[in-house]
Each structure stands twice: as structure tokens, then as C-alpha cells.
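One-letter residues, chain by chain:
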Amino acid sequence: MDLLNTLFQSAPWGPLRFGLHVVFLLAAAFVLRQMQDLRAVVGLKHLAKPRAGFAAAGLVAVLGFAAVLAYQATWQLSGTARPDLIAFMQLHDRRQFNPAHWIERGRILDVAGTVLAESRVVQTDAGPTAQRHYPFGPDFAHVVGYADPRFGTSGVEAAANIQLNGGKPDSLKDWGELGRQILTQGKRPKGNNVTLTLDAALQRLAVERLGERAGAVVMLRPQDGALRVLASTPSFDPNRIDADLFLHADPRARLLNRATAGLYPPGSTFKVVLAADALDRGFSARIHCPADGWTTSGHYRKIRDHEYYEARRAGRSWRGHGRIGLTTALVESSNVFFAQLGVYLGHEAFRATTERFLFNSRISIGAGDSRRQFLRTGRIPTIPSSDRYGLAQASIGQGKVLATPAQMALIAAAIANDGVAVRPRLVGGEQPVAAGRFMQSGTAAKLRSMLRQAVAEGTGRGIETPGLAIAGKTGTAENPFGAPHSWFIGFAPAERPRLAFAVLVEHGGYGSTAAAPIARDLLLLAKQRGHLP
Amino acid sequence: MAKPARPETLAERWDARAPERRLLLWVLFAIGAGFLMVLGALPKDGIAVRWTDLVPPLGFALAFCAAHLLFVAAGFRGDQLLLALVAFLAGIGLLAQFRMGVYAGAGLTLAHLLLPAGVMLLALLAVALMDGRYRPLAAGMWFWAVLSLAILIFVLTTGQRFRGAVYGAGFITPTEGLKLTVVLFAAAWIDRHAKALAKWHTPIPFPPLRAHWPLALFATLLLGLLLVQRDLGLVLILGLALLLQLTAGTKRVGYLVYGALAAGAAGYAVLQLFSHGQRRVASWLDPFADPTGAGWQVLQGLSGMYAGGLWGEGFSQARPRYAPIAESDFIYAVVAEELGFIGSALLLVFFALLCWRLILIAARAKSPFGMLTATGIASVFTVQTLLNVGGVTKAIPITGVTLPFISQGGSSLLVTCLALGLVLAISDGEPKPLKKKTAPARTASTRRRRASAA
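Just so we're clear, the structure is a prediction, and the values are computed from it rather than from any experiment.

Bringing the overall build of chain B into the picture now. Looking only at helices and strands, chain B has 16 helices and two strands in total. A total of 454 residues make up chain B; the buried ones form 55% of that total. A separation threshold of at least 6 residues defines the contact pool for chain B, and within that pool the share at least 24 residues apart is 78%.

Now the structure itself:
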């Protein structure tokens, strides 16, 4: 016994074991050969002559086995041609020797060819393995995702998994290569690269400017939906994923992609939606806006303008906007005006508008070949027709209205693109697809000039920069968790927009002080990098 | 007469079974080499090899040698390939079980005894029922029918549910016994009523329903009760065996046609009624729809196969534990992972040969009852093997049947051994017709008695 134990642990056991394997297979094959040789001797001659029909039955049985074996080969030998299987194994198979883990996945590049993710072959105890490396660390963690043998795949890594793995073999050459791999067992396929529409420099600046604060930045080209920035903080380092990340207890929710899935009250940025609906309906009246606010019934707190609170804090008195039209109301971001406008337009109009703006749904942002990536648009429950105060609140982007930064960027892009929202996309080379018409072309043109005015002389005047012609809408969204969220959505240049954006800083305070400067800095860099004229 | 009825002297008998001996020894050699590899992998996992580890292979080898010697002593004329084929399959089963740690416990357990006991049962049954002595089994026709239903009712009333199926006490599956009792009943009944059953209506070909009602009632009751148990695999196995026996007994292929139609309709109805079956079909069609739930088992098995590739990682070198119930229903995935496509193809060749041999014995059996019994057993064995292997490779939905000789499972192994023993007995042929004198038969039986006493 001890002899056996020492033999099994000695160095020559490896080759010896291999030899035994060969001996086993040869012996088994030899048995088959002998059966062939002995078939005359072992024929059952003392029995009756074979009855008719049984040979056919035997043939059917043998064909059954052959069919199973042939089908098995499509998994066992040419499994590489089954992208679903490869993806499953990368996600769920813990066998270290599984060739699916050796695949040198293709690189993920940004629009300028900067590497966002690449595979490096490293030697481990279990042999060579491909390890994924992310040069930008946490900056792209949500959008690019991770590919980890233990934790699976996410983001673009998951969505473009098949292409990154090398795609389906579709040419004769690919199949020849597959055959070579089967015979030599040199299963080391190399994947294909995936080029994204993102701009690494812009994304880095966005993450840097958000800094320690939680928030999100989305920037896209309105005409074809090409996403330039899709940033979310706080983030995690995909090079070093730890299990803590996946615990629900993570108080900072680092795994959450705030840009595409974070639901926030949009605050005043939501007023552009109301304004678009009013303009579409040909609304041009003026509404009286009392200085100390307006409410639907005496039971409810009055909805007031921010100037009222500012004046009260400073110990001054404010005489109110008086009778104003839509333009002034939007430029000055009058809560009193839009609350009354929303109630005036009515519940049914509000519901139809949220539907037209694709709220309560999700939009695909990547035609991934194995898994699709989506952005959530927002959540606006139906407001009962008896709840007029709820409608007034919703009309100024408070109350039950929630939206994602990506959705607000898409709304800005629709205004910039004559009312048509083009589906945002991450992967280059795809045909632009319309997500929907949010408003009439004329409405979009009017809104463009109003939003330009809001930056030139209204709530956003703090970031007015010569040569950029920024148009936008600030938002200061009250929320039950602390200081208001700071929003800024818009586009530039106002006349012929090339970039639309949404910036959100959680608990950042006023939209004009936290979010708007980030947008301005990004636009300045975008101009340098040729994204703006 | 091409061949003497039965070899007389011991030397003649020893020579007569030389082919079986030669094949058996080569098989034992191959399995021995395989076992050495499995054993050699133990220290890698930090387990020292002990003397008790040698008990399973020695018991295995001794059992088959004893079976062979028994055949020699009895002057057995039956099939010479069957024992070697069974030895190879059971050997692979032993290696796979050993590798999955079935024999890992300290000391000897029931598991150590099971395979040798099964082989001995097979040989003893073959010798006991040889020379046409299996034919009295036909007389017990109603006994088999009542026993079949009794087994089912016993399991339904006392059994416990586990993983969606019903088991008897202590995870013994008495329903495995149905594979024998149902086949015997059907063989006896069809043998007795073959003429009536073969009389089809004209001009529209339709089977004679009046002649059918006892069998139809039995089959409906049996398959219905099995459906209540949700044992779809067994329903398929027994249903197909019944149809093939009917076809073989009456030479009416129409039974297969109507059977296929009825099975199609019944299968559709069952799928409408049982969500359990629907889920299996759905996860078969697209296992990737729910990869971590319904598709998990089959996908883990396929992942292992893919990892194994053409040549496999080698005995005990892979990690087959990731597929649930690997040592039982999914043992084929383990073999395919460790021995690669080549190894699993080899295994299937042996399975196919065994099936072919069983069908050949059925084709050449002298008595109609022997032919019908052999047909039934061959059908059960073939269908069960194909259902398991097809399910594991995702060629068909998973039915939860075991792989004969390879899967862990005592009831399954013992019943398969008994069934093959019966087929071997049938392959021995019939006694000489009475007009030739009864002497050879008597000497044979006295010799046998002497041999078993020694």
C-alpha cells in the first residue's frame, strides 16, 4: 500500500497515468476487435433462425445511439460555436480547466481607440489563464462592466459577450480553425474587439468633477444617440472585485448604475415636459402667479417659487411674478406657474404626456449580441383624478415623479433633435433608431430658444460661456433624504445642437451651483476634442 | 444438427466457453488499468490509498470470474458476449462510482456487496432457468400482473416524495421491479392470445379491440398510476416495451403506428395536465432561458463535457461535482467529462452492442414466450439507456431514468441483472425434443447440482 501511495505521489506517475489511459482505451478497443473476430464462434447457432424485422429494430437502436453521439459532439467538440454555452460557462462554470476561461477576450475601446478593457494571459497554478484588465479602474465600471471568472459578467462585457469571445464561426476558415482546436486541444480562441461611442477623456472628467459626491452624467449626440459619457459615482474597481460589493447592505450602492437606473425626483427639469405638452396644445395664455404661492385646496401646503424663499431668508419681501407667460415661467423656473398649468391641462393630458415621453418603460441602449443593456426611463404612477394636489406636485417634478438621468438627457436630446428622441447607443457602427417623437418640431424650436434664454439670463446664467451657446434647465429637487438633488439638463450649441446632456449630483443643492458647472466644463473639453463646432 | 446439444465433459465445457473467457479477461484488464488511474488520483486530494480501496475491484473481478466458472460448470450454451459486455459496462460504472466517492466510507458497506451480488444473481438465474426452464414463468401470468399493480399501489400508499418522484422506504425504488414483472405479464399474455391479436379488421386496418381489453385495462391502470407518480420516464419505457412486444408477437407493424398516434395524443394531454412535464420540455427547448434554475443541471453537465473535449481530462482528473446528482442520473456527463468524447463514444458502442445482442437473442429465441420476454427486456434496456443518455446530452428532455449498470442505484442494478440473467437463460435454448430421449437433460441437471455443491 505504501508502495502504491509513494508511486502515486512520485514524479513519474504523471506520464505513467497517461500511459495507463492509453492502455485502457486500447484494451477497450481490442475487446471490440476480438468480438468482431469471434463473431463466427459466438453466433447463436443452436437457436432458431433470426426472425424477420428484428434486424430493423436493432438498426433503429444503433441509429439512436449514433444520433445521440452526433448531437453530443455539437456540445462537447464544437461547443465554441454555441455562444450561449460559452457565456454560460464563463458565468457559471467553476472548472478551472474549462477552455472557456482561457479565451483571450477582445478589447473594449472608446471612440478614439483608447483601451477600456483588455485581456492579459497570466500563468497560474492551473496553467495559463486570461485575466481581464481595466486601465481606467472605476471610471467605466458601470458601463463597461466586468468579466470575472468568479462573479460573472456585466455591462458591455456581458452585452457584447459573444463578439468579445470571438463570435460565431460563420466562415469555412472559422470552422477549420475550430477543427484544429478540437484535434490539438489548443483551445485558445481570441476574441474580437468592440468599439464604443464613449469618449474616455470626457468620461474621466465627468467622474473627476463628481468626485466624492454621488451622481451621474449622461452626454449623447442628439442626432444618432451616440453616448459620449455615461458616468455614475460612487463606483467600484473592476480590477479588484470583492464579494462585499454584491451585498445589499452596501450603503453607498456602488453597484448601482445611477445614470441608467437611478430614480430621482427630476424637480424643475421636468418643467420642460409640461412646457412641451402645453406648446403642442397651442397654449399661449398668461397665468397669474401670486407671490405667496398657490395650492389646490386649503388643506395643502402652498406651492411657492424659489424667489419667495430666498426673499424670506434675506428678510426682504418679494412681489411675485404677477401674470406671466410660458417663456418667463420656464426661464425663471416658476413653480407656481407650472403647478397651475399642470392642473389646467388636466390628469388625462399629464398621463398621455408621460406615456409619450416613454416614462414607466425601459429603452435598449445596446444591441448586444448576448444580453441587452437597458436604461430605465422613470416611474410616474397614474395620479387619481381626485388628487389635484398630486397633479400640481407632479407638474413641477416633485411628488410621485421619478426619472433617471439618462431619461432626462434623452428629453434634452429630443428637444435638440426637433422633437424626435433617438435611441441612445453605446456600440459604434449601428444604425440610429428613433425611440419616439416627444413633441412637435415647432415646439422643439420654441423650447430651444427658451432654454437658451434660461442660461443666458435665467436660472442658469452662472455658467453662461461665450462661444458655447449652452441651452439648459436647472433643477433643484426636494427629497426626503437630505439636501435637494442638483440637476442640469440641456444641449449645446443652442441653434444647431451637437451634444445633449443631463448632470445629476445627489444632495448637491441648487442645480445652478453643483450640476451646471460640471456640464459647462464637459462642454469646454468636448469643444477641444472636436465634438462641438 | 450443426452443433451438439450440450458439451458433455468438463474439458469440453471449458473449451466451449473459451471466447467468453478471453473477452472477459481483456475487459478485466482494461478496467484494472482504469482503476489504477482512479486510485492514483486519491493522494492528489489528500486521501491515502488503503487496502479497503481494493475491495470493490476485487469483488467485481471475482464475481465475473465466478459467473464464468458457473457457466462452464453448468455446460451453459447461452450467449458468450453478454457477460463481457456487462462486465465492461459494470466496470465503468464501478470506476465512476468509486471516483464519485460512493465507496469512500471506512469499512465495508452494502454498496461494496451490491455489484458482486447483482452479477451472481445474473449468473445463478441464467443457470437456474436455462435449458428451457424459464418457460414456467409464463404460467404465472396473472401473478405478474397482480404483482405489478401491487408494487405500484404499495409505493403510492407508503412511498415518500423526493425530487418530484416517489420512492419506497430508504430510497429503494420498488417500481424498478416493474421493468421485469410487466414484461413477463405482457409476454405471457401476448403469447397466449397471439392469434386473436393478429386478426385485424379489414378493409380498414384496425386492431381487434375485443381481444385487447385485459391488456388495455392493465396498461391503462399501470401507466395511469405511474403518471400519478409523475414517473414519466418509466411510462415511456414500459409503454414502448408493451408496444414492441405486441408488434413482435403479432407481426403487425400497425400496432407501432397506432401506438405512436396514441402516445402522441397522450403525451400532448399529459403536457397540458402536468406543469411538471411542461417545465421539463421548456427547459429542454431553451435551457439558457433560466440557466441558474431549470437549465442548471443539464448546462453544468454540458459544460463539463465541453471542458472534457475530445480526449477528456483523464480518470479522476476532472471536476464533475458541479452537476447536481452527478453520481446517479448524470453519471454519463461524468464519464464524458473525464474520458472525453472518445471515451463516451466507446461506452456507447458497448451499450449499442449489448442492445444489439439482446435484440438478436430475441430474434433467435426458439419459443414465442422466450422471444416476447427477450423483446420486452431488450426494449426496456435500450429505451432506458437512450432516454438517459439523450437527456444528459440535451437531445431529448430529461426524464430522470438511470443509466443501466453505470448509475448509482441498487434497485435498478439488481433488476437489470435479473433481466439480463433471464435473457441469458433464454439464449441457452430449449431442451431436446422428447422423442430423442431425456437423458442429456438429466445428466446436465445432475452435473449442475454437483458443480454447485462443489
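From this point on, the discussion continues.
Turning our eyes to something else, we now look at the interface of chain A and chain B. Interfaces are often sized by the accessible area lost when the parts come together. In this assembly, 66 residues from chain A lie in contact with 97 residues from chain B. When the area that chain A buries against chain B is broken down by residue, the three leading residues are Phe 24, Phe 65 and Arg 95 of chain A, summing to 11%. Inspection of the region where chain A meets chain B yields zero salt bridges. Where the side of chain A that touches chain B is concerned, the elements lending two or more residues are helix H1 (2-9), helix H2 (13-37), helix H3 (54-76), helix H4 (83-92) and helix H8 (172-184) of chain A. Among the elements that make up the side of chain A that touches chain B, the one with the highest residue count is H3 of chain A (16 residues).

Let us look at the sheet that holds strand S8 (residues 227-233) of chain A. All names here are of chain A. Pairing is antiparallel across the open sheet formed by five strands, whose spatial order is S8-S7-S19-S18-S17. Two strands in the sheet have a free side with no partner beyond their single neighbour: S8 and strand S17 (471-479). If you compare each strand with its neighbour and ignore which way they point, the axes differ by 5 degrees on average. With six bridges joining them, strand S7 (residues 215-220) and S8 adopt antiparallel strand pairing. Bridge pairing in S8 links Met 219 to Val 229. Sitting on the sheet, helix H17 (residues 405-416) is in contact with S7, strand S18 (482-492) and strand S19 (499-505), with an inclination near 150 degrees to S19. Packed onto the sheet, helix H19 (residues 511-528) meets S7, S17, S18 and S19 and runs at close to 145 degrees relative to S19.

Residues and elements named next belong to chain B. Residue placement: Ser 379 occurs in helix H14 (residues 368-392). C-alpha separation for the pair Ser 379 and Leu 354, spaced 25 residues apart in sequence, amounts to 12 Å. Discounting residues that sit within four places of it in the chain, Ser 379 has contacts with Ala 241, Leu 244 and Gln 384.

Take the state of the cysteines next. All names here are of chain B. The final tally for this structure, using the stated rule, is zero disulfides over all chains. No disulfide involves Cys 65; its sulfur sits 16 Å from that of Cys 417, the nearest cysteine. When its relative accessible area of 31% is taken as the criterion, Cys 65 is described as partly exposed.

Let's shift gears to the pairing of strand S2 (residues 115-124) of chain A. All names here are of chain A. The sheet contact formed by strand S1 (residues 108-109) and S2 spans two bridges and is antiparallel. Paired with Leu 109 across the bridge in S2 is Val 115. Count of turn residues in the S1/S2 antiparallel hairpin: five residues, of which Gly 113 carries a positive phi of about 90 degrees.

As a further point, take the domain arrangement of chain A. Residue and element names in this part refer to chain A. When the domains of chain A are assigned, the result is domain 1 (103-195) and domain 2 (201-238 + 247-528). Of note, the centres of domain 1 and domain 2, computed from C-alpha atoms alone, are 37 Å apart. Listed as interface residues are 23 residues of domain 1 and, on the opposing side, 23 residues of domain 2. Of the roughly 1,900 Å² buried at the junction of domain 1 and domain 2 (both faces included), carbon and sulfur atoms supply 60%. The three residues of domain 1 that bury the most area against domain 2 are Asp 139, His 142 and Ala 159, which together make up 34% of that side's buried surface. Applying the counting rule to domain 1 against domain 2 returns one salt bridge. Taking the shortest distance from any N to any O, the salt bridge between Arg 204 and Asp 139 comes out at 2.7 Å. Linking domain 1 with domain 2 are six residue pairs in polar contact (both at pLDDT 80 or more), by the criterion used here.

As enumerated under the stated definition, the model contains 31 aromatic pairs over all chains in all. Three or more aromatic residues link up through ring pairs in this structure, and these residues are Trp 200, Phe 206, Tyr 255 and Tyr 258 of chain B. Across the ring face of Phe 374 of chain A, the terminal group of Arg 362 of chain A is positioned such that the distance to the ring centre comes to 3.8 Å. The lysine or arginine in question, Arg 21 of chain B, covers the ring of Trp 14 of chain B, its NZ or CZ lying 3.6 Å from the ring centre.

Rules and cut-offs
- Residues numbered from 1 in each chain as written.
- Chains lettered and ligands numbered in written order.
- Predicted model: local features only at pLDDT ≥ 70, side-chain atom pairs only at ≥ 80, totals over all residues.
- Heavy atoms only, no water.
- Helix = DSSP H or I, 4+ residues; strand = E, 2+ residues; numbered from the N terminus.
- Buried < 20%, exposed > 50% of the residue type's maximum accessible area, 1.4 Å probe, protein only.
- Contact = heavy atoms within 4.5 Å.
- Buried area = accessible area lost by both parts, 1.4 Å probe.
- Salt bridge = Lys/Arg side-chain N within 4 Å of Asp/Glu carboxyl O.
- Pairing = 2+ DSSP bridges.
- Axes fitted to C-alpha atoms, helices over the stretch in contact; angles between N-to-C directions.
- Disulfide = S-S within 2.5 Å.
- Domains from an automatic or database assignment.
- Polar contact = N/O pair within 3.5 Å; in protein donor to acceptor, adjacent residues only side chain to side chain.
- Phe/Tyr/Trp six-rings, centres within 6.5 Å; stacked < 30°, edge-to-face > 60°.
- Lys NZ or Arg CZ within 6 Å of the ring centre and 35° of its normal.

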